[in-house]
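What follows is each chain in one-letter form.
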Amino acid sequence: MISGLILNAILAGVMAGSLCGCTGVLCTRMKINTIAFATAHAALAGSALSLVVGGDPIFLGLMFALLTAVILGPISDYLRIPLDMASMTMFSVYNALTFIFLVISPGATLASEKVGQILWGSILAVTPKYLIILTTLTIIYVLFVTTFWGRISSILFNPKLAEAEGVNVKIYMYTLVALAGAVTVFALRITGGFLVFSLLFIPAASAIQLSENIRKIVFTASFLGLASAIVGVGLSFILNFPVGSCIVIGATTILAGAATISTIKRKQLLETVKVTSQI
Amino acid sequence: MLKLIQKTVEKDKFCVELQDVSTYYSGETKPAITNVWLKIPIQSLTLIVGPNGSGKTTLLETILGLLKPKTGKIKIFGYDIPKMAVEARKMCGYLPQDFMRPPGEPFSVKEVVGMGLASNKPFGKLNGKDWEMVYDALNLVGIEDLANRPVGRLSGGQQQKVMFARALVRKPKLLLLDEPFSALDESSRKFISETLLSSLVEDGCTVIMVSHDISFKPKRCSLTVKMNFGKIVEVSST
C-alpha cells in the first residue's frame, strides 16, 4: 500500500516537476510570470470552492485557471492597463476568494485534511485518476511545445518581431498561458497553493545557471523540476513534513549547487582567458 | 495560397497603399501619424526621412498592422491591414529599430536567423534546405563565421547584421527597414545600400527604409517621403 503511494507520488512528481520546470522557463522568457501567479491562485480559489460546493477540486481548479488564462488578455485590453497589472489584480481577487471559501466551507476549516491538501499539498492527493489526467496533460504539453518550437522560440526571442513576420503570437501566448494554468493546477495538488511557484521558478533559475542555450535551459529546467519533486517527495516521506515545503528545500539546494557550479565554471573560463592572453 | 499571393502581387501595381491613415498610441489624444496618404509602387526603394519623433517608425508599424490605425485604410499587396495582416506579413521582412539583445540571450545567431522562416513553414519546423538558406543569408551579410555564437555576445553592428540576415532569409516581397544602418560601419553601410538593396529591388522586392539621416540616400532610391510632426510634408520621386 505504502509503496504504491510512493510510486504514485513519484510518478506525479516526475511529470508535474518537469512540466513546471519547462513552464517556468517559458513564462520567464515571455515575461508572463505574473500571469502564472494569477492562474495559480485562480486554481487555488477553484479548489477551495470545491470544499464549499462539494465538486472535484481538480476540475474546479482547472476551470478557474483556464478561465483566468482566457480572460486576462481581454481584461487588460478593455481596461487599457498592462497585463501585469491585470494579473496582480486578479491574483488579489483570487486570494480573497480562497480565504472566503475556506472560512465558509463546512466542518473544521484549517485543521481539515482537504484544506491542508490545497494549502500545503499532499501526496495523498495523488490518485490514479489524477495520474491519468496528468499523463494526458504531459503528452499534450510536450506535443505542443515540440511541434511548434520554431514559432514558440521566435516568440520567446522577440514577440513583436515574430508578430511582424506573421506568427499569430496571441494564439500561441494564450495556449501557453492555458497550459501553464493547467500545469499549475496539477502541481498545486502536490506542492500546495502557496508553494507552487517553487516548482515553477526555482528549477528555471537553476537551469539558467547551468546552460546558455534556450533548448538546453528548457531541458535542464524540466530535469531539475523532476529532480526537485523526487527529492521533495522522498524527504516528505522520511521526515513526515509537508511535501510542498520539502520540494522547496530540494529545489533550493539544487539552485545553490547550480550557482556554485556556475561560479566555478566562470572562474575557470577567466583563468583560461588569462592564460591564453599571456601566451 | 502561394498562387493566390502571386496573382495578387501581379494584379496590384502598388505594393503598399495608405488612405487617410491616422494612428494613436493607447491613452494618447494626439495622433502619432495624421491623415497619411501614400502609395508605394512594386519593385521600388522608398526612403522615409524625418527628425526624431516625426512618426517614421509609427508609419512602418502601422503598415505592418503592429499598430492599429484609428482611421483610414491600409493595403499590402491588396490585403486589408490589420484584418488580413497575418497573411500579408508572411510576404514581408522587417528589421526593427530596437534590435540589441543582452549578453545572456540564450539564442545562437543561426537560431535567430532561422526564426525568420518559422512563420512560413508548416508548424515552424526547419529542414536541411532551410538551414542552407540560413547560412546563405548569413553569408550575404558577411557573418557566416558567427553562426554558432550567442547573439547577445556580438557587437551592435554584428547584431544588426544578424537581424538583416533574418529579414533576408524570408525572401520577402516587401522589406521594411527601420534605421538599418544605425550601428553599421561605413563599408557595411555602403555594401548594403549600394549593392545588396539594389539587387533585391532588381529581383522584384519592394524596400521601404526609414532613416533620420537626411543626407544619406541609398542607390536606386525612387521615392523619398519626408515626415514631420506625424505628417507627410513632402514626397519626391527620383
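Please read all numbers here as calculations on a predicted model, not as lab measurements.

Participant: Please provide a residue-by-residue account of the nonpolar core, values included.
Facilitator: Across soluble globular proteins, nonpolar side chains have a tendency to be buried as a group. The biggest cluster of nonpolar side chains holds 159 residues, and the ones touching the most others in it are Ala16(A), Ala165(B), Leu176(B) and Val207(B). Among the elements that line this core, the one with the most residues is helix 9 (residues 169–191) of chain A, at 13 residues. Beyond its immediate chain neighbours, meaning those up to four positions away, Ala165(B) contacts Val113(B), Ala137(B), Leu138(B), Leu140(B), Val141(B) and Ile143(B).

Participant: How would you summarise the sheet that holds strand 4 (residues 71–76) of chain B if you had to cite specific residues and measurements?
Facilitator: Residues and elements named next belong to chain B. Pairing is antiparallel across the open sheet formed by four strands, whose spatial order is 2-1-4-5. With one partner strand each, in any of the chains shown, strand 2 (33–41) and strand 5 (79–81) form the two edges of the open sheet. Neighbour-to-neighbour, the strand axes of the sheet open up by a mean angle of 20°, direction not taken into account.

Participant: Tell me about the interface of chain A and chain B, and please be specific about residues and values.
Facilitator: Contact with chain A, which involves 20 residues of that partner, is made by 25 residues of chain B. Listed by contribution, the elements that provide at least two residues to the side of chain A that touches chain B are helix 7 (149–157), helix 8 (159–164) and helix 11 (214–239) of chain A. Residues of the side of chain A that touches chain B, tallied by class, amount to seven nonpolar, seven polar and six charged.

Participant: I'd like a rundown of the packing of helix 10 (residues 196–210) of chain A against helix 11 of chain A, residues and numbers included.
Facilitator: Residue and element names in this part refer to chain A. Axis separation between helix 10 and helix 11 bottoms out at 8 Å; the angle between their running directions is 130°. In terms of orientation, helix 10 and helix 11 fall into the oblique class. Our pair here, helix 10 against helix 11, has a crossing hand that is right-handed. Contacts between helix 10 and helix 11 involve Leu 199, Ile 202, Pro 203, Ala 204, Ser 206, Ala 207, Ile 208 and Leu 210 from the former and Ile 217, Thr 220, Ala 221, Leu 224, Gly 225, Ser 228 and Ala 229 from the latter.

Participant: An account of the pairing of strand 4 of chain B is needed here, citing residue identities and associated values.
Facilitator: Residue and element names in this part refer to chain B. Two strands pair when backbone bridges link them, and strand 1 (residues 14–23) and strand 4 are joined in this way by five bridges, in the antiparallel orientation. Note on strand 4: the bridge partner recorded for Leu 18 is Ile 74. The loop that links strand 4 with its antiparallel partner strand 5 comprises two residues; one of these, Phe 77, has a positive phi angle of about 50°.

Participant: Can you lay out the sheet that holds strand 9 (residues 221–228) of chain B for me, pointing to particular residues and giving the numbers?
Facilitator: All names here are of chain B. One open sheet accounts for six strands, arranged 6-7-8-3-9-10; its pairing is mixed. The open sheet is flanked by strand 6 (92–95) and strand 10 (231–237), the only strands paired with a single partner. Strand-to-strand twist in this sheet, taken as the mean axis angle between neighbours without regard to direction, amounts to 15°. Summarising the sheet, strand 9 and strand 10 pair through six bridges and their orientation is antiparallel. Considered in strand 10, the bridge of Val 225 is made with Val 235.

Participant: Describe the pairing of strand 8 (residues 206–211) of chain B, and please don't skip the residues or the numbers.
Facilitator: In terms of burial, strand 8 of chain B is largely enclosed, as six of its six residues are buried. Here strand 8 of chain B shows a buried face lined by Thr206(B), Ile208(B) and Val210(B) and a second buried face lined by Val207(B), Met209(B) and Ser211(B).

Participant: Can you explain the environment of Asn228(B)? Please cite residues and give values.
Facilitator: Residue and element names in this part refer to chain B. Topologically, Asn 228 is positioned in strand 9. For Asn 228, a count of 14 C-beta atoms within 10 Å corresponds to the partly exposed category. In this structure the C-alpha to C-alpha distance between Asn 228 and Pro 102, which are 126 residues apart in sequence, comes to 32 Å. Among residues more than four places away in sequence, those in contact with Asn 228 are Gly 50, Pro 51, Ser 54 and Val 233.

Definitions and cut-offs
- Residues numbered from 1 in each chain as written.
- Chains lettered and ligands numbered in written order.
- Predicted model: local features only at pLDDT ≥ 70, side-chain atom pairs only at ≥ 80, totals over all residues.
- Core = buried A, V, L, I, M, F, W, Y, C linked by C-beta atoms within 7 Å.
- Buried ≥ 20, exposed ≤ 12 C-beta atoms within 10 Å, placed from the backbone.
- Helix = DSSP H or I, 4+ residues; strand = E, 2+ residues; numbered from the N terminus.
- Contact = placed C-beta atoms within 7 Å.
- Pairing = 2+ DSSP bridges.
- Axes fitted to C-alpha atoms, helices over the stretch in contact; angles between N-to-C directions.
- Nonpolar A, V, L, I, M, F, W, Y, C, P; charged D, E, K, R; others polar.
- Parallel < 35°, antiparallel > 145°, perpendicular 65-115°, else oblique.
- Left-handed = near helix turned anticlockwise from the far one by under 90°.

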